[in-house]
Amino acid sequence: MRTEPAFHGAKLLLLTGDSLISLLRDDVQNIPWPGCWDFPGGEREGDESPAACALRETHEELGLSLAEGRLTWRRVFHNQQGRAMWFFAARIAAQEVEQIVFGDEGQGWAVMRVADYLSHPKAIPPLQDRLRDYLAEVGAGV
């Protein structure tokens, strides 16, 4: 089995039309960004690849099983602690949004317009930055 270079975790920007899927984090003080709007994702388990990490977390948090081939954009960034974090993007259809089954982490989920996420006071600032990076490279015509 191939081992990936060290990285801490991965996030997945799930786009649907001009919107995205966001998860409202638990509002407890022992986690990063409590009570803020997040993207699916989390910490690496074992020697999984960045894509496998993002896809596993998406399945755990939203019940969606996506193939790695659906990941249309990928970049590695470093968090405030200097740890490598992967960021991916994928598109899902309206029918897939209807199939979301919320997991047991967080307070809920929402379909949120991209522009609303970018200006939301409870959106996670580094994820807003990653979203802007994506839009700058891929184009604002989400």
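Given the structure is predicted, the values throughout are model-derived calculations rather than measurements.

As enumerated under the stated definition, the model contains 13 salt bridges in all. In this structure, the salt-bridge partner of Asp38 is Lys11, at a minimum N-O distance of 2.8 Å. Linking Asp38 in strand E3 (residues 37–38) with Lys11 in strand E1 (residues 9–16), this pair joins segments that are 27 residues apart in sequence. Its relative accessible area of 5% is what places Asp38 among the buried residues. With relative accessibility at 13%, the residue Lys11 sits in the buried group. What emerges from the salt-bridge pattern is a single network uniting Glu45, Glu48, Arg56, Glu57 and Glu60.

If you look at soluble globular proteins, the nonpolar side chains tend to sit buried side by side. Of all hydrophobic cores here, the largest spans 21 residues; its most connected members are Leu13, Leu20, Phe39, Phe87, Tyr117, Leu131 and Tyr134. Contributions of two or more residues to this core are made by E1, strand E2 (19–24), strand E5 (71–78), strand E6 (84–91), strand E7 (108–113), helix H3 (114–119) and helix H4 (125–138). Tallying contributions element by element places H4 first for this core, with four residues. In contact with Tyr134, other than residues within four places in its own chain, are Leu13, Leu15, Trp73, Ala89 and Gly139. Core analysis: the second largest hydrophobic core is formed by 20 residues, Leu12, Leu23, Leu64 and Ile100 among them.

Bringing helix H1 (residues 50–62) into the picture now. The end-to-end C-alpha distance of H1, which contains 13 residues, comes to 18 Å, matching closely the 18 Å that a straight helix rising 1.5 Å per residue would cover. H1 sits mainly inside the fold: 10 of its 13 residues count as buried. Taken together, the buried positions of H1 are occupied by Pro50, Ala51, Cys53, Ala54, Leu55, Arg56, Glu57, Thr58, Glu61 and Leu62. Those residues of H1 that are buried are in contact with E1, E2, strand E4 (41–43), E5, E6 and E7. Looking one or two residues beyond H1, the residue adopting positive phi is Gly63, at roughly 70 degrees.

This paragraph deals with the side chain of Glu96. One can find Glu96 in helix H2 (residues 94–98). The exposure class assigned to Glu96 is buried, which follows from its relative accessible area of 16%. Polar contacts involving the side chain of Glu96 include one to the side chain of Arg70, which spans 2.7 Å. If we skip the residues at most four places from it in the chain, Glu96 touches Leu64, Leu66 and Arg70.

A few words now on the packing of aromatic side chains. When we look at a pair of aromatic rings, we describe it by the centre distance and by the angle of the planes. Summed over the entire model, instances satisfying the criterion amount to five aromatic pairs. Look at Trp73 and Phe87: their rings are 6.0 Å apart centre to centre, the planes differ by 80 degrees, and that puts the pair in the edge-to-face class. One end of the pair, Trp73, is in strand E5; the other, Phe87, is in strand E6, and 14 residues separate them in sequence. We classify Phe87 as buried; its relative accessible area is 2%. Ring pairs connect the aromatic residues Phe39, Trp73, Phe87, Tyr117 and Tyr134, which therefore count as one cluster. A cation over a ring is seen here: Arg130 above Phe77, with NZ or CZ 3.9 Å from the ring centre.

Criteria and thresholds
- Residues numbered from 1 in each chain as written.
- Predicted model: local features only at pLDDT ≥ 70, side-chain atom pairs only at ≥ 80, totals over all residues.
- Heavy atoms only, no water.
- Salt bridge = Lys/Arg side-chain N within 4 Å of Asp/Glu carboxyl O.
- Helix = DSSP H or I, 4+ residues; strand = E, 2+ residues; numbered from the N terminus.
- Buried < 20%, exposed > 50% of the residue type's maximum accessible area, 1.4 Å probe, protein only.
- Core = buried A, V, L, I, M, F, W, Y, C linked by side-chain atoms within 4.5 Å.
- Contact = heavy atoms within 4.5 Å.
- Expected span 1.5 Å × (residues − 1).
- Polar contact = N/O pair within 3.5 Å; in protein donor to acceptor, adjacent residues only side chain to side chain.
- Phe/Tyr/Trp six-rings, centres within 6.5 Å; stacked < 30°, edge-to-face > 60°.
- Lys NZ or Arg CZ within 6 Å of the ring centre and 35° of its normal.

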